[in-house]
Amino acid sequence: MPPQIPTDFEQQLVEQRSYLMRFARLQLRNDAWAEDAVSETILAALAKPQAFGARSQLKTWLVGILKHKIIDSMRQRQREVTLDSGSDDDSADPLEHMAFKADGHFAEKPTDWGNPEQDLKSHQFMAIMDACTQKLPAVQGRLFLMREWLEMSSEEICKELGLTSTNLYVQLHRARLRLRECLELNWFAAR
C-alpha cells in the first residue's frame, strides 16, 4: 500500500504538537504522560475534524481538548503526581516587598495597560503571555496554568497536589506578580 499523504488539517495538527507537548509536560511533569495526553488530543482531533469548524484558532481548540485529557490523566494518576519541594520559591519573594506598601496597596501605580480585552485578542500579546508564563518558576507556572488555563478550582488543585490553600494562594500571587512584571516589560512598555 503506498504511503498516505497527510491532509492540510493533519499537517496543521503536527505543527501544533510541540506547543501541546510543552503545555502537557508543564502540567503532568512526566514525559510519558504528556506524550499520552498529546497523542490522545491529536487522535480526538483526527477522529472528529468536523468538530473544529474553524470557529476558533486550531491551537485554541486543541488546547481545549488537551485540558480535558490532562485533567483525566491527573485524576487517573492522582497518587503519583508530586511537586518539587524545597525550591527557592519557598523563600520570601523580593518582588512582593518592592511592589507593595505595608498596608497592601501598590507602592507605585501600575502602568496603564490600555484596553486588555482588545489585547487578549492579539496573537502577539498571546505569544508574549506564553513566553512570560514559560519563564515562571516551574511550581508557580504549573499552579497558574492549572488555575487559569485548566480552570481547576483551588480546592481541586490543593487536593490534587497536597497543598494548603494558603500555600496555593501565595504561589499564585507570586506567579501573578511575575507575570505582571514580565508583561509590563515586554508588552506594555514596548508599545
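Described in the following lines is the structure provided in the data block. (Residues numbered from 1 in each chain as written. Predicted model: local features only at pLDDT ≥ 70, side-chain atom pairs only at ≥ 80, totals over all residues. Heavy atoms only, no water.)

Assigned secondary structure in the chain consists of 9 helices and 0 strands. The linear arrangement of helices and strands in the chain, starting from the amino end, is α-α-α-α-α-α-α-α-α. Within the chain, buried positions represent 39% of all 191 residues. Taking the intrachain contacts of the chain between residues at least 6 apart in sequence as the baseline, contacts between residues at least 24 apart amount to 74%. (Helix = DSSP H or I, 4+ residues; strand = E, 2+ residues; numbered from the N terminus. Buried < 20%, exposed > 50% of the residue type's maximum accessible area, 1.4 Å probe, protein only. Contact = heavy atoms within 4.5 Å.)

It is worth spelling out the state of the cysteines at this point. All chains considered together, the criterion is met by 1 disulfide. Covalent S-S linkage joins Cys 132 and Cys 182, the inter-sulfur distance amounting to 2.0 Å. Measuring handedness by torsion sign, the sulfur bridge of Cys 132 and Cys 182 sits at about -80° and is left-handed. Of this pair, Cys 132 sits in helix H6 (residues 123-135) while Cys 182 sits in helix H9 (residues 165-188), and the two are 50 residues apart along the sequence. Here Cys 132 and Cys 182 have matching classes, each one buried. (Disulfide = S-S within 2.5 Å.)

Let us look at helix H2 (residues 31-47). For H2, with 17 residues, the first-to-last C-alpha span of 24 Å sits near the 24 Å given by 1.5 Å per residue. Buried within H2 are the following residues: Trp 33, Ala 34, Ala 37, Val 38, Thr 41, Ile 42 and Ala 45. On its buried face, H2 sits against helix H1 (8-28) and helix H3 (58-76). The N-cap residue of H2 is Asn 30: its side-chain oxygen and the backbone nitrogen of Ala 32 are 2.9 Å apart. (Expected span 1.5 Å × (residues − 1). Polar contact = N/O pair within 3.5 Å; in protein donor to acceptor, adjacent residues only side chain to side chain.)

Tallying each qualifying case throughout the model produces 1 aromatic pair. Pairing Phe 23 with Trp 149 gives two aromatic rings, centres 5.8 Å apart and planes at 50°, and the pair type is tilted. One end of the pair, Phe 23, is in helix H1; the other, Trp 149, is in the loop between helix H7 (138-148) and helix H8 (154-161), and 126 residues separate them in sequence. Residues Phe 23 and Trp 149 agree in their burial class; the two are buried. The aromatic ring of Tyr 19 is capped on one face by Lys 59, whose charged end is 4.1 Å from the ring centroid. (Phe/Tyr/Trp six-rings, centres within 6.5 Å; stacked < 30°, edge-to-face > 60°. Lys NZ or Arg CZ within 6 Å of the ring centre and 35° of its normal.)

Within this structure, the stated rule accounts for 1 cavity of 30 Å³ or more. Size it by volume and the largest cavity reaches roughly 50 Å³. Tyr 19, Phe 23, Asp 130, Thr 133, Gln 134, Leu 145 and Trp 149 together form the lining of the largest cavity. Of the residues in the lining of the largest cavity, the class split is 4 nonpolar, 2 polar and 1 charged. (1 Å grid on protein atoms, 1.4 Å probe; cavity = no way out; pocket = protein on both sides within 12 Å on 5 of 7 lines; lining within 4 Å. Points joined across faces, edges and corners; volume = space filled by probe spheres on them. Nonpolar A, V, L, I, M, F, W, Y, C, P; charged D, E, K, R; others polar.)

Where H1 contacts H2, the axes come no closer than 8 Å and their chain directions differ by 145°. Two packed elements cross with a definite hand, and for H1 against H2 that hand is right-handed. Residue-level contacts link Phe 9, Glu 10, Leu 13, Arg 17, Leu 20, Met 21, Ala 24, Arg 25 and Leu 28 of H1 to Asp 31, Trp 33, Ala 34, Glu 35, Ala 37, Val 38, Thr 41, Ile 42, Ala 45 and Leu 46 of H2. (Axes fitted to C-alpha atoms, helices over the stretch in contact; angles between N-to-C directions. Left-handed = near helix turned anticlockwise from the far one by under 90°.)

Before going further, it helps to examine the packing of H8 against H9. For the pair H8 and H9, the least separation of the axes is 10 Å and the interaxial angle reads 110°. In this view, H8 runs roughly perpendicular relative to H9, as classed from their interaxial angle. Each of Ser 154, Ile 157 and Cys 158 in H8 lies in contact with H9, whose residues at this interface are Ser 165, Leu 168 and Tyr 169. The residue makeup of the contact of H8 with H9, split by class, is 4 nonpolar, 2 polar and no charged. (Parallel < 35°, antiparallel > 145°, perpendicular 65-115°, else oblique.)

Turning our attention to unusual backbone geometry. Positive phi is not limited to glycine here, since Arg 29 has a value of about 55°. Within the secondary structure layout, Arg 29 lies in the loop between H1 and H2. Of note in this structure, Glu 151 is not a glycine but carries a positive phi near 55°. Take Glu 151: its relative accessible area is 60%, and that puts it in the exposed class.

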